[in-house]
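What the coordinates show
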Amino acid sequence: MARLKVIFDTDPGVDDAMALLLLARHPDVELIGVTSCFGNGSIDTTTRNALFLKQRFGFAAPVARGAAGPLVGDASEPPAFVHGDNGLGNIALPPITAVADPRPAAQLIVDLVRANPGQVTIIAVGRMTNLALALKLDPQIDALVKALVVMGGAFGRNGHTGNVTPVAEANIIGDPAAADIVFGARWPTTIVGLDVTMQSIMTAAYVEALARDAGEDGKFVAAITDFYANFYTSTGQTSDGLPVHDSSAVAYALHPEFFTVERGPVRVISGGIAHGQTILRPEKKFDHAADWNGRPSVNVCVGVDSAAFLAFYRETLTRS
Ligand code: RIB
Ligand code: CA
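Okay, so let's go over this structure. (Residues numbered from 1 in each chain as written. Chains lettered and ligands numbered in written order. Predicted model: local features only at pLDDT ≥ 70, side-chain atom pairs only at ≥ 80, totals over all residues. Heavy atoms only, no water.)

At this site the calcium ion (ligand 2) is bound by Asp11 (OD), Asp16 (OD), Asp16 (OD), Val125 (O) and Asp246 (OD), with donor distances of 2.3 to 2.7 Å. Donor residues binding the calcium ion (ligand 2) come from one chain and are separated in sequence as D-x4-D-x108-V-x120-D. Note that aspartate 16 is positioned in helix 1 (residues 14–25) and aspartate 246 in helix 11 (residues 245–254), a separation of 230 residues in sequence. (Donors = N, O, S within 2.8 Å, 3.2 Å for Na, K, Ca; no water. Helix = DSSP H or I, 4+ residues; strand = E, 2+ residues; numbered from the N terminus.)

Okay, structure coming up:
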């Protein structure tokens, strides 16, 4: 069976690094490109981290530097209180010898999709600025992408509405205009939001077992997640451990059967107190809301078999 060709668009970021490790180690994945975006750090920081992860995990895919800020306005201050000052839980980093691809991220995305028409799955786990810029460069590429899986947004299912404001999730509020463009394009899209990512928790015992059983990879996950888990427990968002945001999007790409979805067009609010809110119009529900008309239906994940997902993550790292 042909392996899944994946472009990973990311703002590493602790949970981004965990997701990239899953992609790098999974035998059914052919990682063909990694693109950085501002978000969990400045673009200098997230690009440096992506290059560090390339040399640490040993993958061959090019890493291209992406957007430094949103389509409209300025980037907000990176959340060092979540991911640490260096974006990777403040672990010590070695000298970085890997070098970035000369192309900007949006150009690399266009080139890889054009070179592999109908074959590429894009997994986007940061602001969607690079994808919106790729669409601007080449407005036809959405029809050439096999699938787009996004970690972002929150739809109020399972009690999850936002993690930056009461209605907005970080990847979406970081560039709502880009997200609205991306969710309106023709690529077959699945949104993996807080509704499901907050349901899958790696407890301290889970991480300890990874550190024990998954070699250097397990020890690495334990090292980078220490600071991150402390953020979630100290703010009362979890009683033990960390939610597994970005790896949930990777899991969907490989095992959609772990998830249940609702379908319909999604809009993203820009401006006002609901800035960054994602709103699904369910396909089967009648209403008069013209602002959703003419937009493609997307999958919105509303349920997850978190035990199966967490077992999948563990098995992928322990058998590689
Ligand atoms: O809201 C969670 C998302 O925001 C994750 O992608 C995390 O890495 C941050 O970017
Ligand atoms: Ca991320």
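Attention now goes to the pattern of salt bridges. Per the stated rule, a full pass over the model turns up 15 salt bridges. We note a salt bridge from arginine 25 to aspartate 217, for which the minimum N-O separation is 2.6 Å. Within this pair, whereas arginine 25 is found in helix 1, its partner aspartate 217 is found in helix 10 (residues 215–234), the two being separated by 192 residues in sequence. Residue classification places arginine 25 among the partly exposed positions, given a relative accessible area of 22%. Between arginine 103 and aspartate 101 there is a salt bridge, and its shortest N-O distance comes to 2.8 Å. Aspartate 101 gets classed as buried once you look at its relative accessible area, which sits at 17%. Residues participating in the shared-partner salt-bridge network are Asp101, Arg103 and Asp111. (Salt bridge = Lys/Arg side-chain N within 4 Å of Asp/Glu carboxyl O. Buried < 20%, exposed > 50% of the residue type's maximum accessible area, 1.4 Å probe, protein only.)

As a further point, take the packing of aromatic side chains. To describe a pair of aromatic rings, you give the distance between the ring centres and the angle between the ring planes. Tallied over the full model, the rule gives seven aromatic pairs. With centroids separated by 6.2 Å and ring planes inclined at 50°, the aromatic side chains of phenylalanine 52 and phenylalanine 220 adopt a geometry described as tilted. On the criterion of sequence distance, the pair formed by phenylalanine 52 in helix 2 (residues 43–57) and phenylalanine 220 in helix 10 is long-range, its members being 168 residues apart. For phenylalanine 52, a relative accessible area of 4% translates into the label buried. Here the aromatic cluster, defined as three or more aromatic residues joined through ring pairs, consists of Phe81, Tyr228, Phe231 and Tyr232. (Phe/Tyr/Trp six-rings, centres within 6.5 Å; stacked < 30°, edge-to-face > 60°.)

Surveying the vicinity of ligand 1 reveals 13 residues, the closest of which are Asp15, Asn163, Glu169, Asn171 and Asp246. Aspartate 16 is positioned such that a nitrogen or oxygen atom in its side chain is 2.9 Å from an oxygen atom of ligand 1. If ligand 1 stood free it would expose 280 Å²; the protein chains cover 96% of that surface. Sorting the residues of the shell around ligand 1 by element identifies helix 1, helix 6 (170–173) and helix 11 as the ones contributing at least two each. Residue classes in the shell around ligand 1 are distributed as three nonpolar, five polar and five charged. (Near = heavy atom within 4 Å. Polar contact = N/O pair within 3.5 Å; in protein donor to acceptor, adjacent residues only side chain to side chain. Areas by Shrake-Rupley, 256 points an atom, 1.4 Å probe, with all protein chains shown as cover. Nonpolar A, V, L, I, M, F, W, Y, C, P; charged D, E, K, R; others polar.)

Turning to the pairing of strand 5 (residues 145–151), a few remarks are in order. A regular strand carries its side chains on alternate faces of the sheet. Among the seven residues in strand 5, five count as buried, and that is most of the element. Summarising the sheet, strand 4 (residues 120–124) and strand 5 pair through five bridges and their orientation is parallel. Across the sheet, residue alanine 124 finds its bridge partner in strand 5, namely valine 150. Of the crossover connections in this fold, the one passing from strand 4 over helix 5 (residues 129–137) to the parallel strand 5 is right-handed. Pairing of strand 5 with strand 6 (residues 189–192), which is carried by four bridges, proceeds in the parallel orientation. Looking across to strand 6, one finds that valine 150 is bridged to isoleucine 191. (Pairing = 2+ DSSP bridges. Right-handed = clockwise from strand over helix to strand, strands pointing away.)

A word on a nonpolar patch on the surface. Together, Leu71, Val72 and Ile181 give the surface a local cluster of nonpolar side chains, amounting to about 260 Å² of exposed area. Mapped onto the elements of the fold, leucine 71 is located in the loop between strand 3 (63–64) and helix 3 (80–83). (Patch = residues over 30% accessible without salt bridge, like charges linked within 9 Å, V, L, I, M, F, W, Y side chains within 5 Å.)

Structurally, methionine 151 is set in strand 5. Its relative accessible area of 2% is what places methionine 151 among the buried residues. Considering only alpha carbons, one finds methionine 151 and alanine 223, 72 residues apart in sequence, at a separation of 23 Å. Beyond its immediate sequence surroundings of up to four residues, methionine 151 is in contact with Ala124, Val125, Glu169, Asn171, Val192, Gly193, Leu194, Thr197, His245, Asp246 and Ala249. (Contact = heavy atoms within 4.5 Å.)

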